[in-house]
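Here are the chains, one letter per residue:
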Amino acid sequence: MFTSILGVRSRIAIFALVFGSFIWTFCVIDPSNGEAWDFDYARDGKVESLNEIQCMAAFPGLYEDVDRGSKYWMEQGNITSASLDSFGLVHGVTRAMIYNGNLFVVATKSKGEDHRRKMLATLSSIYRALAAAPARSSLPNIEFIFSIEDKADDIAADGHPLWVVARRAVEQSLWLMPDFGLYAWDNIIYDKSNEIGPYDEVVEKALDVELDLPFPHKEPKLVWRGKLTFAPKLRRALLEQSRGHSWGDVKEVNWKVPANYLPMEDHCRYQFIAHAEGRSYSASLKYRQACRSVLVIHKLQYIQHHHYLLIKEGPLQNYVVVERDFSDLPDKMANLLDHPEKAAKIADQNVRTFRERYLTPAAEACYWRALWRGYATVSSPAELFEIDLKGVSVKRGLRYETFVLRPSSEMLDFRAS
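Residues numbered from 1 in each chain as written. Predicted model: local features only at pLDDT ≥ 70, side-chain atom pairs only at ≥ 80, totals over all residues. Heavy atoms only, no water.

Caption draft 1: Highlighting the sheet that holds strand β14 (residues 270-275). Reading across the sheet, the five strands line up as β13-β12-β14-β15-β17 and stay open at both edges, with parallel pairing between neighbours. The open sheet terminates on both sides in strands that have one partner only, identified here as β13 (248-252) and β17 (320-322). Taken over all neighbouring pairs, the strand axes of this sheet differ in orientation by 20 degrees on average, direction set aside. The pairing of strand β15 (residues 294-298) with β17 spans three bridges and is classified as parallel. Counterpart to V296 in the pairing with β17 is V320. Those strands touched by helix α10 (residues 329-338) are β12 (219-226), β14, β15 and β17, and its axis lies near 160 degrees from that of β17. In the packing of helix α11 (residues 340-358) onto the sheet, the strands contacted are β14, β15 and β17, and the crossing angle to β15 comes to about 85 degrees. (Pairing = 2+ DSSP bridges. Helix = DSSP H or I, 4+ residues; strand = E, 2+ residues; numbered from the N terminus. Axes fitted to C-alpha atoms, helices over the stretch in contact; angles between N-to-C directions. Contact = heavy atoms within 4.5 Å.)

Caption draft 2: Seen up close, the pattern of salt bridges. Throughout the structure, instances matching the rule amount to 33 salt bridges. A salt bridge links R95 to D85; the shortest N-O distance between them is 2.8 Å. Highlighted residues: R95 in strand β4 (residues 93-99) and D85 in helix α5 (residues 81-85), separated in sequence by 10 residues. One salt bridge connects R128 with E364, and the closest N-O pair in it is separated by 3.0 Å. Pair noted here: R128 is in helix α6 (residues 113-131) and E364 is in helix α12 (residues 361-376), with a separation of 236 residues, a long-range link. One continuous salt-bridge network, built from bridges that share partners, spans D85, R95, E143, E386 and R396. (Salt bridge = Lys/Arg side-chain N within 4 Å of Asp/Glu carboxyl O.)

Caption draft 3: Region of the structure containing the environment of V209. By the secondary structure assignment, V209 is in helix α7 (residues 199-210). V209 gets classed as buried once you look at its relative accessible area, which sits at 12%. Remark: the alpha-carbon pair of V209 and H267, spanning 58 residues in sequence, is separated by 9.5 Å. Not counting chain neighbours up to four residues away, the residues in contact with V209 comprise E265, C268 and R269. (Buried < 20%, exposed > 50% of the residue type's maximum accessible area, 1.4 Å probe, protein only.)

Caption draft 4: Local environment of the packing of α10 against α11. Contact pair α10 / α11: the axes reach a minimum separation of 5 Å and the direction vectors enclose 100 degrees. Considering the angle they form, α10 stands roughly perpendicular to α11. Across from N335, L336, L337 and D338 in α10, the residues of α11 making contact are P340, K342, A343 and I346. Residues that form the contact of α10 with α11 fall into these classes: five nonpolar, one polar and two charged. (Parallel < 35°, antiparallel > 145°, perpendicular 65-115°, else oblique. Nonpolar A, V, L, I, M, F, W, Y, C, P; charged D, E, K, R; others polar.)

Structural data, given as structure tokens:
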């Protein structure tokens, strides 16, 4: 996608340094003004209005799944309105469209408040990227279906052109979208809200913790907190392989017994943070990537939109990979503790890659707009109006701005027409 979009613009000059398959771009000449521009985290990290040229230059490698999805559906014969109609509306699913630069909700179905919050956070994330888009009215008219469920099997989505937060490699029909927690999250535990907040607020808390805590001064231990019930075999293996080691601070969380609870920002006080998938992906990875720490991650089965930027070896290594049964965890930890400079470099690269680039609000907005453009190349244009059985023109969607004013109870099972 990087070359296909930029290659046709002969007046764009890109100066880059290539490491392996990744291009780290330092400067582009924007033909709109003839000025040199390169991404600067402090200046541009929260700028959601980068133009297409800037997005491509600032975040190479981010759009791999958009490219993959476009190629897959081109081979399948493209996505039609009938393709969407063939997937019935089930809990956790929303059908929406972007039309003339505006976001419309066609239909949505939620099992309860947890579903509703995830759906609304996803729509809000889309709207934020849309509202900030340069030349907003020139964006393609698209109709799409997204799911906020953990995995495609929950809604029998495989084979359909749904947007999802995570997929397995074999689930080629699905398109990856940023997960709702990048907008904000406030989950419900035993009927009580457990505010995590907007992702950039999580980052600010991590920065506050690390302000006077450089990597060498952090606790030289591996920390993990989580529920075993989400993935008992996998997560129990992490506990067992960590047990008895001086570097281990790996504990199960029981929400009824808060003794083991650790605020997300306090994970940043450790040099090493373990990550384990849940019943599918685990949404906590992005929060752990907000820390200047070494992420220790088992071989993943589920892919999220930013996982293509995980680099397990070489000069740009930004995490440490272990087996799914964590059998090599003690050896990997021994190596990291014996080579603190190596560990510090990995932690620094984790920050450069994710906190300061690919998980910024700017990157999220750029990804959304790239997804819309890629999806548009293989889907039929959206139609806001349809003719009903009486020959009357009927509007099929409700504007997002109006939808968010609806009572929560109406959002649980909504159809615009």
